[in-house]
Amino acid sequence: MKITLLIQRIANRAGGAERVVVNVANQLARRGHKVEVLAFETTDGRPFYPLDCAVDYRNLGIMSREGATGLERRRSKLTKWCQTRSNFPLLGRLAWQLVYGQSVKRLRAHLEGQPSDLLIAFLPSTFTITSKVAGELGLPFILSCHNVPEEDFENPERWDQNPVDKSRRMDGLRRADGITVILPEFRQWFPEDIRQRVHVIRNFITRPPVSYPPIAERTKRILAVGRYSTPKDHESLLRAWSLIARDYPGWVVEIYGEGPLGRELNGIIGQLGIQKSAFLKPPSSEIWDLYGDSRIFCIPSKFEGFGLVTAEAMACGTPAVGFQSCPGTNRIILDGETGVLVDCPDDQKVPRLAEALKQLMPDEALCQQYATRSLVEAESYFVENRVEDWFALVESIRSTKTSSPPLPMA
C-alpha cells in the first residue's frame, strides 16, 4: 500500500509534530508500506529528524532556486492585502486561492503522476489542501490533529483565520475517512456527525539508544525543550528560576528550541540577571543524551496536545515538572510518582513552579524514585508499541476502500 504523509513545513524543524510525522513514516515503511512525506516549504532543506532510507521525501513548495521573481513579490503583497480583508467573501476566496492554490495544483499533479492509496495530513495547515485534492481524485484521507482541538480550531491566534479556510477545514473533517486525536477527551469537541470517525491514537516515541546514569551522576541541569512561543511559556520557567538561582550554585537551566520569542526570552534572561545560569540553546540532534544527563525536565506549557518531549525525558529516567492545568501534560506526568504537577492559579505559576523545583533539586533520593517509575511508565505507554494503533487505522480504511476506482494516470 502506498501512503502519503503531508505536512506544511518539516525541513530543519525540531518540533513535536515533525517528529511524529517522521516516526509514523518510518514505522509504516518498516511494516512494508511504500511511504512518502510531502511538504510545502518555501525554502529548501531536509527533515531535522532522520527518515528511514525507504521513505521518499519531497518538497512541493520550492518555486525558484534563484529566489522570488518580481511577479512573485507582487503576488505576496496582494496576498497580504487580501488576507487582511478576508472577512469580505470575494476577497476571502481570492486570499485562499493565492495562499493555497499553487499547493493544491502541485499536489494534484504529483498524485496524478504518482498515485497513492491513502493520504494522511498532519496539522490544520494541510487539511484544506489535502481534503480538496483527495475529493477531486477520489482518494481516502486521514486528518491528524496534534493539539487541543479548541486551540486548533477556535483560537484566533492559531492557523489561518480566513473564514474560507476555516469553513473548508470543517468540511474536510466531515468528509475525512478518519480523524486522529491524541487523548480520549479531545473527541468530545467534535460534532456528533464527525465524532464516530475520530480515533484516539496517542503519540509514541522511539526507545532511547542507550541506558542513562542514575540521577546523582548527572549534570545539575533543569532541561526544557520546545519552540520559543507563547503557548510553551518558557518565560514562567525563567522567572521561577530567577527566584531560586542564587540558592543553587552549580545548577543551570537550559532551554533547547527556536522560534519567534527567542530575542524576547534572551532579553528576559538579561533583565533577571540570570545570564550565568540560564541559557537558550538551538535544537540538538543529541537530545537523547541531554535528557539522560539532566536531573530535572521542566515543561511549563500552557497547553499541549501531547507532551512528546516529556515522554522522551521520562524514557531516559528524568523526573518531570509541569502544570496540572496543561492538557497533554497532566495526562503524562503522574504527580508524586514520575514527577510534579504544579496545581495553582495562573497568577501563581511563577512562585509555585519555583517551589516545585526547590522540592526536587536537593533531593536526589526523591528524584531517583521518580526516575525509576518514569522508566516503567514510558515503556508501558509511550514507546513503539503504540504505533499499532496507526497500523490498525490504516488497515481499517484499506478494507473499506477496496472497491474504490483506480486513480487517474498522468
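Refer to the structure above for everything that follows.
Residues numbered from 1 in each chain as written. Predicted model: local features only at pLDDT ≥ 70, side-chain atom pairs only at ≥ 80, totals over all residues. Heavy atoms only, no water.

1. So, the overall build of the chain
Alright, step 1. Within the chain, the regular secondary structure consists of 14 helices and 13 strands.
Alright, step 2. For the chain, whose C-alpha radius of gyration is 22 Å, the value lies close to the compact-globule estimate of 22 Å for 410 residues.
Alright, step 3. Among the 410 residues that make up the chain, the fraction classed as buried is 55%.
Alright, step 4. Counting only contacts in the chain whose residues sit at least 6 apart along the sequence, the fraction spanning at least 24 positions is 68%.
Alright, step 5. Accessible surface, the chain as shown: approximately 18200 Å² in total, 50% of it carbon and sulfur.
Alright, step 6. Averaging the coordinates of the 52 positive side-chain charges in the chain and doing the same for the 49 negative ones gives two points 7 Å apart. (Helix = DSSP H or I, 4+ residues; strand = E, 2+ residues; numbered from the N terminus. Rg over C-alpha atoms; globule rule 2.2 N^0.38 Å. Buried < 20%, exposed > 50% of the residue type's maximum accessible area, 1.4 Å probe, protein only. Contact = heavy atoms within 4.5 Å. Areas by Shrake-Rupley, 256 points an atom, 1.4 Å probe, with all protein chains shown as cover. Lys, Arg positive; Asp, Glu negative; His and termini not counted. Charge placed at Lys NZ, Arg CZ, Asp CG, Glu CD.)

2. Let's talk about the nonpolar core
Soluble, globular proteins show a tendency: their nonpolar side chains are buried together.
Alright, step 1. Ranked by internal contacts, the top residues of the largest apolar core, which has 78 residues, are L5, L107, F190 and W390.
Alright, step 2. A total of eight residues in this core trace back to one element, the largest contributor, which is helix α1 (residues 16–30).
Alright, step 3. Contacts of L107, omitting those with residues within four sequence positions, involve L6, L38, F40, L60, I129, T130 and V133.
Alright, step 4. The next biggest cluster of nonpolar side chains, apart from the first, holds 37 residues, and it includes I268, I274, V321 and V340. (Core = buried A, V, L, I, M, F, W, Y, C linked by side-chain atoms within 4.5 Å.)

3. A word on the sheet that holds strand β8 (residues 219–225)
By way of backbone hydrogen bonds, the strands of a sheet pair with one another, either parallel or antiparallel.
Alright, step 1. In spatial order, the strands read β10-β9-β8-β11-β12-β13; together these six strands make up an open sheet with parallel pairing. The open sheet is flanked by β10 (278–281) and β13 (339–342), the only strands paired with a single partner. Direction aside, neighbouring strands of the sheet carry axes that sit 20° apart on average.
Alright, step 2. Two strands pair when backbone bridges link them, and strand β9 (residues 252–256) and β10 are joined in this way by four bridges, in the parallel orientation. (Pairing = 2+ DSSP bridges. Axes fitted to C-alpha atoms, helices over the stretch in contact; angles between N-to-C directions.)

4. Brief notes about unusual backbone geometry
Alright, step 1. Its identity as a non-glycine residue notwithstanding, N12 has a phi of 60°, on the positive side.
Alright, step 2. The topology assignment puts N12 in the loop between β1 (2–7) and α1.
Alright, step 3. On the basis of relative accessible area, N12 is assigned to the partly exposed category, the value being 47%.
Alright, step 4. Even without a glycine there, the phi angle at D233 is positive, about 50°.
Alright, step 5. Tracing the backbone shows D233 in the loop between β8 and α8 (234–244).

5. Notes on the packing of α8 against helix α9 (residues 262–272)
Alright, step 1. Where α8 contacts α9, the axes come no closer than 10 Å and their chain directions differ by 10°. By the angle class used here, α8 and α9 are roughly parallel. In this structure, α8 crosses over α9, and the sense of that crossing is right-handed. Between α8 and α9, the contacting residues are H234, E235, L238, R239 and S242 on the first element and E264, L265, I268, I269 and L272 on the second. (Parallel < 35°, antiparallel > 145°, perpendicular 65-115°, else oblique. Left-handed = near helix turned anticlockwise from the far one by under 90°.)

6. Focus on the state of the cysteines
Alright, step 1. The full count for this structure, using the stated rule, is zero disulfides.
Alright, step 2. Cysteine C326 shares no disulfide, and the gap to the nearest cysteine sulfur, in C298, comes to 11 Å.
Alright, step 3. C344 takes part in no disulfide bond, and the closest cysteine sulfur, belonging to C298, lies 12 Å away.
Alright, step 4. In this structure C344 comes out as buried when scored by relative accessible area, which is 12%. (Disulfide = S-S within 2.5 Å.)

7. A look at the sheet that holds strand β4 (residues 118–122)
Alright, step 1. An order of β3-β2-β1-β4-β5-β6-β7 is seen for the seven strands of this open sheet, with the pairing classed as parallel. Every interior strand has two partners, whereas the edge strands, β3 (56–59) and β7 (198–200), have only one. Mean inter-strand twist for the sheet, computed between neighbouring axes without regard to direction, equals 20°.
Alright, step 2. Note: strand β6 (residues 178–181) against β7, three bridges, orientation parallel. Residue pairing in the sheet places I179 in a bridge with V198 of β7.
Alright, step 3. In the packing of α1 onto the sheet, contacts are made with β1, β2 (34–39) and β4, and the angle to β1 comes to roughly 175°.

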